[in-house]
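Chains, contacts and geometry: an overview
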Amino acid sequence: MSESAAAHPLAAPSAHRASPALHHQFEELQQQYDASTFGMWVFLATEIMFFGGIFTAYIIYRSLYYSGFVAGSHGLEGDFGAAMTFILLASSFTMAMSVHAAREGKRVMLIILLLATILLGIVFLGIKFTEYSHKWHEQMVPGLNFHPSVEELRGAPGTAVELFMCFYFFMTGLHALHMIIGIGLLSVMTTLAWRGKIKRDNYDKIEVSGLYWHFVDIIWIYLFPLLYLIGGRYK
Amino acid sequence: MSEQTPSVRTYTFVFAALLILAALTTGIAYIDLGPFNTVAALAIAFIKMCLVGLFFMELRYARGLTRIVVLAGFFWLALIVSFTLADVFSRSWIKSPGP
């Protein structure tokens, strides 16, 4: 790409001397940074479509089996849903602050904020696990253990409520899987930061991990109203 | 590395706004507004998504290329949703010949 480099093969581009963080295929750090974030955004675009298919299915089946979806939504614990929402939003904040700390080159701050993000993610998964175990004891797990009481069905057909619970477990399960992957990713980033491998000229790793984490937060921003709230909790 | 990046102040304001919106959407769900409940829940979710996307994910400061990728993702999502719904909800319009 660089004409000067092609014309003078022995003359290394100045950017290569400027930073050891620059990979050989890139001209300059800004280009490397742009390529990293672009790659992650393309991946996230495929993730939008991945989750989009499930959301579409949810919309259709909700309209076809409305009473079952309302009854199922009422059966979920709204306090848990709200608590998980606040925790995940807080983790997104600490993640955004992590990127900021990395950009400023503050190593200790970066490590603390990454650990806070991981901790909040683990608390989220803990609440999710508690909720799943409650569902198991209420016998509301489709296929494996589904024997809801008359009260839980609220006059809706059992199969329709079961369908809602299928969506509940599949959507939240897939989201939880993304959380687990995110926690793994951030653990690697924390280790790198601990070893002093994250510098001001290669913090794009943190930036890209942050994009993934915020995306998972956005999925929950939609799951919370769709699963917990949309049936109306006032009845 | 970008020319312009959000400040700690911006992050804090966005976080506060997100918490208020989360409390609001939870509160609204306990009030009977009829079909407006669904509209309010999804509208608040959309605003929260925009806040996270624009500030935490820094789309506000991103290049055109990044924005095009994001818009492409949502365009395809719109295709999935609209074409599938158009199929499912228009099936009853045509009476199929009975047996």
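Residues numbered from 1 in each chain as written. Chains lettered and ligands numbered in written order. Predicted model: local features only at pLDDT ≥ 70, side-chain atom pairs only at ≥ 80, totals over all residues.

**A short note on the overall build of chain B**
Definition in use: Counting from the N terminus, the helices are the DSSP runs of H or I reaching at least four residues and the strands are the DSSP runs of E reaching at least two. Think of it as a crowd count around each C-beta: if 20 or more other C-beta atoms lie within 10 Å the residue is buried, if 12 or fewer it is exposed, and in between it is partly exposed, with C-beta placed from the backbone throughout. Each residue is represented by a C-beta atom placed from its backbone, and any two residues with such atoms within 7 Å are regarded as in contact.
Summing up its helical and strand segments, chain B has three helices and zero strands in all. In chain B, the order of α-helices and β-strands from amino to carboxyl end is α-α-α. Along the first, second and third principal axes, the C-alpha atoms of chain B reach 70 × 40 × 15 Å. Taken across its 99 residues, chain B has 19% of its residues classed as buried. The long-range fraction of contacts in chain B, counting pairs at least 24 apart against all pairs at least 6 apart in sequence, stands at 53%.

**Here we look at the overall build of chain A**
For clarity, the threshold we go by: Every radius of gyration here is taken over C-alpha atoms, with the globule rule written as 2.2 Å times N^0.38, N being the number of residues.
Each helix and strand counted, chain A has nine helices and two strands in total. In terms of C-alpha radius of gyration, chain A reaches 23 Å, well past the compact-globule figure of 18 Å for 235 residues. With the principal axes as the frame, chain A shows a C-alpha extent of 80 × 35 × 30 Å.

**Remarks on the domain arrangement of chain B**
As a reminder of what qualifies: Here the bounds of each domain stem from an automatic or database domain assignment.
Under the domain assignment, chain B is made up of domain 1 (1-61) and domain 2 (63-92). When each unit is reduced to the centre of its C-alpha atoms, the spacing between domain 1 of chain B and domain 2 of chain B is 22 Å.

**Section: the interface of chain B and chain A**
Threshold: Side-chain classes follow a simple rule in which Ala, Val, Leu, Ile, Met, Phe, Trp, Tyr, Cys and Pro form the nonpolar group, Asp, Glu, Lys and Arg form the charged group, and the remainder, Gly included, forms the polar group.
Tallying the contact residues gives 39 residues for chain B and 39 residues for chain A. Elements with a minimum of two residues in the side of chain B that touches chain A: helix 1 (8-29), helix 2 (36-56) and helix 3 (64-90) of chain B. The greatest single-element share of the side of chain B that touches chain A, amounting to 14 residues, is contributed by helix 3 of chain B. Classifying every residue of the side of chain B that touches chain A by side-chain character gives 28 nonpolar, eight polar and three charged.

**A short note on the environment of A:F124**
Residue and element names in this part refer to chain A. Checked against the element boundaries, F124 lands in helix 6 (residues 107-137). According to the C-beta neighbour criterion, F124 is buried, with 25 such atoms within 10 Å. Each C-alpha atom of the pair F124 and L76 lies 16 Å from the other, and the pair is 48 residues apart in sequence.

**Examining the environment of A:G155**
Residue and element names in this part refer to chain A. Within the secondary structure layout, G155 lies in the loop between helix 7 (150-153) and helix 8 (158-194). Classification of G155 by C-beta neighbours within 10 Å gives exposed; the count is 8. Residues G155 and T172, 17 residues apart in the sequence, show an inter-C-alpha distance of 25 Å.

**Observations concerning the nonpolar core**
Where we set the bar: For this analysis, nonpolar core means a set of buried Ala, Val, Leu, Ile, Met, Phe, Trp, Tyr and Cys residues linked through C-beta atoms within 7 Å.
One finds A:I219, A:L223 and A:L227 to be the most contacted residues of the largest nonpolar core, which totals 76 residues. Secondary structure elements with two or more residues in this core: helix 3 (29-64), helix 4 (66-75), helix 5 (78-104), helix 6, helix 8 and helix 9 (204-229) of chain A together with helix 1 and helix 2 of chain B. Take this core: its biggest share by element is 18 residues, from helix 9 of chain A. Residue contacts for A:L223: discarding those within four places in its chain leaves A:M171, A:T172 and A:H175.

**Brief notes about the packing of helix 6 of chain A against helix 8 of chain A**
Angle between the axes and distance between the axes: these two values describe a pair of packed helices. All names here are of chain A. Rules: For every element, the axis is a line fit to its C-alpha atoms; helices are fit only across the contacting stretch, and the angle between N-to-C directions ranges from 0 to 180 degrees. The scheme is simple: roughly parallel for angles under 35 degrees, roughly antiparallel for over 145, roughly perpendicular for 65 to 115, oblique for anything else. Two helices that cross are described as forming a left-handed crossing if the nearer one is turned anticlockwise from the farther one by less than a right angle, and a right-handed crossing if clockwise.
For the pair helix 6 and helix 8, interaxial distance at closest approach is 9 Å and the crossing angle is 160°. Regarding the angle of helix 6 to helix 8, the classification is roughly antiparallel. For helix 6 against helix 8, the interelement crossing comes out left-handed. Here R107, L110, I111, L114, L115, T117, I118, G121, I122, F124, L125 and K128 of helix 6 lie close against helix 8, whose contacting residues are T172, A176, M179, G182, I183, L186, S187, M189, T190, A193 and W194. Split into classes, the residues belonging to the contact of helix 6 with helix 8 amount to 15 nonpolar, six polar and two charged.

**Examining the packing of helix 3 of chain A against helix 9 of chain A**
All names here are of chain A. For the pair helix 3 and helix 9, interaxial distance at closest approach is 10 Å and the crossing angle is 15°. Considered as vectors, helix 3 and helix 9 are oriented roughly parallel to each other. Two packed elements cross with a definite hand, and for helix 3 against helix 9 that hand is right-handed. Of the residues in helix 9, those in contact with Y33, S36, T37, M40, L44, E47, F51 and Y58 of helix 3 are D204, E207, V208, L211, Y212, F215, I219 and L226.

**Brief notes about helix 8 of chain A**
To be explicit about the condition: A helix is expected to span 1.5 Å for every residue after the first.
The end-to-end C-alpha separation of helix 8 of chain A is 52 Å, in line with the 54 Å expected for 37 residues at 1.5 Å each. Backbone geometry just downstream of helix 8 of chain A places A:G196 in the positive-phi region, at approximately 75°.

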